[in-house]
Amino acid sequence: MPKLAANLSTMFNETPFLERFERAARAGFSAVEFQFPYAFDPDAIGAELKRNRLEIALFNLPPGDIEAGERGLASIPEARERFRESLEPALRHALATGCRRLHCMAGVLSGPAAMAEREAAFVANLREAAALFRPYGIRLLIEPLNPLDTPNYFLSSVEQAAAIVETVGSPGVGIQYDFYHQS
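On a predicted model such as this, the values are computed, not experimentally measured, just so you know. (Residues numbered from 1 in each chain as written. Predicted model: local features only at pLDDT ≥ 70, side-chain atom pairs only at ≥ 80, totals over all residues. Heavy atoms only, no water.)

Colleague: So, the nonpolar core: which residues are in play, and what are the values?
Modeller: With 47 residues, the main nonpolar core has Leu-102, Phe-122, Phe-133 and Leu-140 as its most contacted residues. Taken together, the elements giving at least two residues each to this core come down to α1 (20–26), α2 (42–51), α3 (80–97), α4 (115–133), β6 (139–142) and α5 (158–168). For this core, the element with the highest residue contribution is α4, accounting for six residues. Residues in contact with Phe-122, not counting those within four places in the same chain, are Ala-74, Ser-75, Cys-104, Ala-106, Ile-142, Phe-154, Leu-155 and Ile-164. (Core = buried A, V, L, I, M, F, W, Y, C linked by side-chain atoms within 4.5 Å. Buried < 20%, exposed > 50% of the residue type's maximum accessible area, 1.4 Å probe, protein only. Helix = DSSP H or I, 4+ residues; strand = E, 2+ residues; numbered from the N terminus. Contact = heavy atoms within 4.5 Å.)

See the structure below:
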(Lines give C-alpha, C1' and ligand atoms only; values in the text may rest on other atoms or scores of the structure.)
Protein backbone atom coordinates (compact mmCIF):
# COMPACT_ATOMS: atom_id res chain seq x y z
CA MET A 1 0.00 0.00 0.00
CA PRO A 2 1.52 3.37 -0.99
CA LYS A 3 2.15 5.85 1.78
CA LEU A 4 1.41 9.43 0.75
CA ALA A 5 2.91 12.59 2.20
CA ALA A 6 1.35 16.03 1.92
CA ASN A 7 3.73 18.51 0.31
CA LEU A 8 3.31 21.56 2.56
CA SER A 9 5.07 23.77 0.01
CA THR A 10 2.23 23.22 -2.46
CA MET A 11 -0.76 22.24 -0.31
CA PHE A 12 -2.78 24.27 2.18
CA ASN A 13 -1.15 27.50 0.92
CA GLU A 14 -4.04 29.59 2.23
CA THR A 15 -2.61 28.90 5.70
CA PRO A 16 0.71 30.06 7.20
CA PHE A 17 3.39 27.36 6.93
CA LEU A 18 3.46 26.25 10.57
CA GLU A 19 -0.33 25.85 10.57
CA ARG A 20 -0.24 23.54 7.54
CA PHE A 21 0.93 20.61 9.68
CA GLU A 22 -2.38 20.53 11.52
CA ARG A 23 -4.26 20.88 8.22
CA ALA A 24 -2.38 17.89 6.81
CA ALA A 25 -3.10 15.78 9.88
CA ARG A 26 -6.80 16.72 9.80
CA ALA A 27 -6.88 15.74 6.10
CA GLY A 28 -5.70 12.26 7.08
CA PHE A 29 -2.02 12.42 6.14
CA SER A 30 0.48 10.68 8.40
CA ALA A 31 3.54 12.24 6.73
CA VAL A 32 4.52 15.56 5.21
CA GLU A 33 7.30 16.98 3.09
CA PHE A 34 8.26 20.49 2.07
CA GLN A 35 10.85 22.06 -0.16
CA PHE A 36 12.83 24.55 1.90
CA PRO A 37 12.33 24.88 5.67
CA TYR A 38 15.17 27.33 6.25
CA ALA A 39 13.03 30.43 6.84
CA PHE A 40 11.49 28.68 9.87
CA ASP A 41 12.89 27.69 13.23
CA PRO A 42 13.74 23.98 13.08
CA ASP A 43 12.51 23.40 16.64
CA ALA A 44 9.15 24.98 15.79
CA ILE A 45 8.81 22.64 12.80
CA GLY A 46 9.77 19.68 14.99
CA ALA A 47 7.16 20.70 17.56
CA GLU A 48 4.43 20.87 14.90
CA LEU A 49 5.39 17.44 13.61
CA LYS A 50 5.20 16.00 17.10
CA ARG A 51 2.03 17.83 18.07
CA ASN A 52 0.26 16.55 14.97
CA ARG A 53 1.82 13.07 15.09
CA LEU A 54 3.30 13.42 11.63
CA GLU A 55 6.41 11.92 10.09
CA ILE A 56 8.57 13.96 7.78
CA ALA A 57 9.27 12.34 4.42
CA LEU A 58 11.98 14.72 3.23
CA PHE A 59 13.06 18.23 2.39
CA ASN A 60 15.67 19.78 0.10
CA LEU A 61 19.14 20.98 0.91
CA PRO A 62 19.42 24.76 0.49
CA PRO A 63 19.05 25.48 -3.24
CA GLY A 64 21.28 28.51 -3.57
CA ASP A 65 19.72 31.72 -4.88
CA ILE A 66 16.32 30.71 -6.27
CA GLU A 67 15.60 34.29 -7.41
CA ALA A 68 18.78 34.20 -9.52
CA GLY A 69 17.71 30.89 -11.09
CA GLU A 70 19.77 28.50 -9.00
CA ARG A 71 18.21 25.11 -8.33
CA GLY A 72 20.89 23.53 -6.20
CA LEU A 73 24.64 23.87 -5.86
CA ALA A 74 26.00 20.33 -5.90
CA SER A 75 27.06 20.14 -9.57
CA ILE A 76 28.47 23.66 -9.80
CA PRO A 77 32.26 23.50 -9.36
CA GLU A 78 32.55 27.19 -8.51
CA ALA A 79 29.91 26.81 -5.76
CA ARG A 80 31.77 24.13 -3.78
CA GLU A 81 32.23 26.30 -0.68
CA ARG A 82 28.61 27.48 -0.78
CA PHE A 83 27.52 23.84 -0.98
CA ARG A 84 29.62 22.97 2.07
CA GLU A 85 28.11 25.89 3.98
CA SER A 86 24.60 24.66 3.10
CA LEU A 87 25.13 21.35 4.88
CA GLU A 88 25.05 22.75 8.43
CA PRO A 89 21.57 24.33 8.24
CA ALA A 90 20.27 21.19 6.51
CA LEU A 91 21.68 19.00 9.28
CA ARG A 92 20.29 21.29 11.98
CA HIS A 93 16.79 21.13 10.43
CA ALA A 94 17.02 17.37 9.86
CA LEU A 95 17.98 16.67 13.47
CA ALA A 96 15.28 18.94 14.90
CA THR A 97 12.57 17.40 12.72
CA GLY A 98 13.68 13.77 12.66
CA CYS A 99 14.10 13.90 8.88
CA ARG A 100 16.12 10.97 7.54
CA ARG A 101 16.01 11.81 3.81
CA LEU A 102 17.32 14.99 2.21
CA HIS A 103 17.05 15.84 -1.47
CA CYS A 104 20.35 17.17 -2.81
CA MET A 105 19.50 19.38 -5.76
CA ALA A 106 22.09 19.16 -8.53
CA GLY A 107 21.74 22.63 -10.03
CA VAL A 108 21.22 24.16 -13.44
CA LEU A 109 23.85 24.34 -16.13
CA SER A 110 25.49 27.75 -16.04
CA GLY A 111 29.00 29.10 -16.16
CA PRO A 112 31.99 27.73 -18.04
CA ALA A 113 32.34 24.24 -16.50
CA ALA A 114 32.16 21.22 -18.80
CA MET A 115 29.81 18.32 -18.04
CA ALA A 116 32.71 16.15 -16.81
CA GLU A 117 33.70 18.88 -14.32
CA ARG A 118 30.11 19.19 -13.15
CA GLU A 119 29.78 15.45 -12.67
CA ALA A 120 33.06 15.34 -10.73
CA ALA A 121 31.85 18.20 -8.48
CA PHE A 122 28.49 16.48 -7.97
CA VAL A 123 30.10 13.16 -7.03
CA ALA A 124 32.60 14.82 -4.66
CA ASN A 125 29.87 16.90 -2.99
CA LEU A 126 27.59 13.87 -2.60
CA ARG A 127 30.40 11.85 -1.02
CA GLU A 128 31.24 14.65 1.41
CA ALA A 129 27.62 15.25 2.39
CA ALA A 130 26.89 11.52 2.73
CA ALA A 131 29.87 11.13 5.07
CA LEU A 132 28.64 14.07 7.19
CA PHE A 133 25.04 12.83 7.41
CA ARG A 134 25.72 9.07 7.73
CA PRO A 135 26.40 9.08 11.52
CA TYR A 136 22.94 10.59 12.02
CA GLY A 137 21.16 8.02 9.84
CA ILE A 138 20.34 10.62 7.20
CA ARG A 139 20.32 9.58 3.55
CA LEU A 140 20.82 11.87 0.54
CA LEU A 141 18.57 11.51 -2.46
CA ILE A 142 19.14 12.86 -5.95
CA GLU A 143 16.23 13.44 -8.30
CA PRO A 144 16.24 13.86 -12.05
CA LEU A 145 13.95 16.75 -13.00
CA ASN A 146 12.11 17.10 -16.28
CA PRO A 147 13.43 19.71 -18.72
CA LEU A 148 10.03 21.38 -19.12
CA ASP A 149 9.79 22.54 -15.50
CA THR A 150 13.52 22.93 -14.88
CA PRO A 151 15.33 23.68 -18.14
CA ASN A 152 19.07 23.00 -18.16
CA TYR A 153 18.97 21.05 -14.89
CA PHE A 154 22.15 18.99 -14.58
CA LEU A 155 20.36 15.77 -13.63
CA SER A 156 17.66 14.96 -16.18
CA SER A 157 17.34 11.17 -16.43
CA VAL A 158 17.05 8.16 -14.17
CA GLU A 159 19.91 6.53 -16.07
CA GLN A 160 22.19 9.49 -15.35
CA ALA A 161 21.14 9.46 -11.68
CA ALA A 162 21.81 5.70 -11.40
CA ALA A 163 25.28 6.11 -12.90
CA ILE A 164 26.08 8.90 -10.43
CA VAL A 165 24.83 6.89 -7.45
CA GLU A 166 27.01 3.99 -8.60
CA THR A 167 30.04 6.27 -8.98
CA VAL A 168 29.50 7.80 -5.53
CA GLY A 169 29.45 4.28 -4.12
CA SER A 170 27.83 5.14 -0.79
CA PRO A 171 24.79 3.49 0.81
CA GLY A 172 23.98 6.99 2.03
CA VAL A 173 23.03 8.17 -1.48
CA GLY A 174 20.02 7.03 -3.50
CA ILE A 175 17.51 8.14 -6.12
CA GLN A 176 14.30 10.01 -5.45
CA TYR A 177 12.00 8.85 -8.23
CA ASP A 178 9.12 11.17 -9.01
CA PHE A 179 6.79 9.98 -11.78
CA TYR A 180 5.93 13.60 -12.54
CA HIS A 181 9.49 14.36 -13.63
CA GLN A 182 9.86 11.37 -15.95
CA SER A 183 9.27 12.12 -19.61
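Colleague: Before we move on, could you go through α3 and cite the residues and values that matter?
Modeller: Its 18 residues place the ends of α3 26 Å apart at the C-alpha level, agreeing with the 26 Å of an ideal helix rising 1.5 Å per residue. Listed as buried for α3 are Phe-83, Ser-86, Leu-87, Pro-89, Ala-90, Leu-91, His-93, Ala-94 and Thr-97. Backbone geometry just after α3 places Gly-98 at a positive phi near 75 degrees. (Expected span 1.5 Å × (residues − 1).)

Colleague: Which residues make up the sheet that holds strand β2 (residues 31–33), and what are the values?
Modeller: What the three strands build is an open sheet, ordered β1-β2-β3; its pairing is parallel. Strands with a single pairing partner mark the edges of an open sheet, and in this sheet they are β1 (5–7) and β3 (55–56). Where β2 lies against β3, two bridges are found, and the strand directions are parallel. What sits directly across from Ala-31, in β3, is Glu-55. (Pairing = 2+ DSSP bridges.)

Colleague: Let's hear about the state of the cysteines: which residues, and what values?
Modeller: This structure, assessed with the given rule, holds zero disulfides. Left unpaired, Cys-99 is separated from the closest cysteine sulfur, that of Cys-104, by 13 Å. (Disulfide = S-S within 2.5 Å.)

Colleague: Hey, could you go over the environment of Leu-155 for me, with residue numbers and the actual values?
Modeller: In this fold, Leu-155 is placed in the loop between β6 and α5. Overall, the relative accessible area of 0% leaves Leu-155 in the buried class. Along the chain, Leu-155 and Met-105 lie 50 residues apart, while their C-alpha atoms are 8.7 Å from each other.

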